[in-house]
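The residues making up each chain are set out below.
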Amino acid sequence: MYRFKAIIFDVDGTLADTERDGHRLAFNAAFAEAGLAWHWDVARYGALLAITGGKERIRYYIEQEGIRLDSAVNLDAFIAALHSAKTRHYLALLETGAIPLRPGVLRLLREAREAGIRLAIATTTTPENVIELLRHCGEPGLPDWFEVIAAGDVVPRKKPAPDIFTLALAQLGLVAQDCVAVEDSDNGMCAALAAGLKALLVTLNAYTENQSFDAAPLVVESLGGPDAAAVVRRGDLGGSNYVDLAALDRLHATVYSGA
Ligand code: XBP
Ligand code: MG
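Here the structure is a predicted model, which is why all the values come from computation and not from measurement.

About the thresholds
Residues numbered from 1 in each chain as written. Chains lettered and ligands numbered in written order. Predicted model: local features only at pLDDT ≥ 70, side-chain atom pairs only at ≥ 80, totals over all residues. Heavy atoms only, no water. Near = heavy atom within 4 Å. Polar contact = N/O pair within 3.5 Å; in protein donor to acceptor, adjacent residues only side chain to side chain. Areas by Shrake-Rupley, 256 points an atom, 1.4 Å probe, with all protein chains shown as cover. Helix = DSSP H or I, 4+ residues; strand = E, 2+ residues; numbered from the N terminus. Buried < 20%, exposed > 50% of the residue type's maximum accessible area, 1.4 Å probe, protein only. Contact = heavy atoms within 4.5 Å. Domains from an automatic or database assignment. Buried area = accessible area lost by both parts, 1.4 Å probe. Salt bridge = Lys/Arg side-chain N within 4 Å of Asp/Glu carboxyl O. Pairing = 2+ DSSP bridges. Right-handed = clockwise from strand over helix to strand, strands pointing away. Donors = N, O, S within 2.8 Å, 3.2 Å for Na, K, Ca; no water.

What follows concerns the site of ligand 1. Among the 18 residues in the neighbourhood of ligand 1, the closest are listed as R57, H83, K86, T125 and T126. Within the side chain of E19, an N or O atom sits 2.8 Å from an oxygen atom of ligand 1. At 2.7 Å, a side-chain N or O of T126 approaches an oxygen atom of ligand 1. Burial of ligand 1 by the surrounding chains reaches 97%, relative to a free accessible area of 450 Å².

As for its position among the elements, D178 is in the loop between α8 (163-172) and β4 (179-183). What makes D178 buried here is its relative accessible area of 15%. Once residues within four sequence positions are removed from consideration, D178 is found in contact with F4, K5 and A6.

Attention shifts here to the domain arrangement of the protein chain. With domains assigned, the protein chain is organised as domain 1 (6-17 + 101-257) and domain 2 (19-95). If you average the C-alpha positions of domain 1 and of domain 2, the two centres end up 26 Å apart. Counting residues at the interface gives 15 residues for domain 1 and 20 residues for domain 2. Carbon and sulfur atoms make up 53% of the surface buried where domain 1 meets domain 2, a total of about 1400 Å² over both sides. Summed over the shared surface of domain 1 and domain 2, the result is two salt bridges. Across the salt bridge formed by K158 and E56, the nearest N and O atoms sit 3.2 Å from each other. At the junction of domain 1 and domain 2, the tally comes to six residue pairs in polar contact (both at pLDDT 80 or more).

Right, let's talk about the pairing of β4 for a bit. Counted residue by residue, β4 has five buried out of five residues, so it is predominantly covered. Burial of β4 is two-sided: the residues C179, A181 and E183 facing one way and the residues V180 and V182 facing the other way are all buried. Of the pairings in the sheet, the one linking strand β1 (residues 6-9) to β4 comprises four bridges and is parallel in character. When the bridges of β4 are listed, I7 appears paired with V180. Bridging between β4 and strand β5 (residues 200-203) involves three bridges; their strand directions are parallel. Pairing of V182 across the sheet is with L201, part of β5. Chirality of the crossover, the property in question, places the unit of β4, helix α9 (residues 186-194) and β5 among those that are right-handed.

Within the first shell, the magnesium ion (ligand 2) binds the protein through D10 (OD), D12 (O) and D184 (OD), at distances of 2.1 to 2.2 Å. Donor residues for the magnesium ion (ligand 2) sit on one chain with the sequence pattern D-x1-D-x171-D. Of this pair, D12 sits in the loop between β1 and α1 (19-33) while D184 sits in the loop between β4 and α9, and the two are 172 residues apart along the sequence. Take D184: its relative accessible area is 6%, and that puts it in the buried class.

Here is the structure:
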């Protein structure tokens, strides 16, 4: 019935608003625990999001700030330990259920599941973060809805490189044209497009709303639902009021056949 077989979702910023009150707080907790006088405020963290991946973000910060570590310290090991503490803090936060899915996400996932559309994830973050987020957002068994979870360091290059999407496609055994991708950031958009995923929905959030998404065919501020129309920035939803499978099918058709 639908012209696509799977949806590949980004996680951070897309499934849930995890960055400002999730990852950022966990980084700061790890810094404090290590006795470092570093603090990433909301604006600074927004700028640092240009660098995808927590370890890469820490390394960039050290370089950018000209921070000099004791010469006896091995930089890679130092970053790895700091990042592992950050992951511990982040997982503890997720366990409290403090970070819900974005509005409309669970509804869309349910629709896809009921229609036999396969679900996958392509994310920069650490795999356990994905599972823990999905475990604590009020839908028992949600992690198992995703047939493929491609996450973190399993590929050589993080977004905006296409690697993680290419891996997700390979694990699904599908080609790009079989899929719709959902992202929230310019780095994510570039990664998806570079993997050939032209049927791309971008869902903006506070950290990404001013980025340029000229290359994305459909950009929304919110997915909406039966009780709330989606707020569309670019493209159209066809006959739908909110982002449902019919709207994604229309996106797919527009991109691949100009319909
Ligand atoms: C998300 C990220 C991640 C998280 C931190 O990018 O960049 O690095 O901020 O996760 P995207 P880790 O949504 O494009 O995948 O600290 O676990 O790396
Ligand atoms: Mg993201």
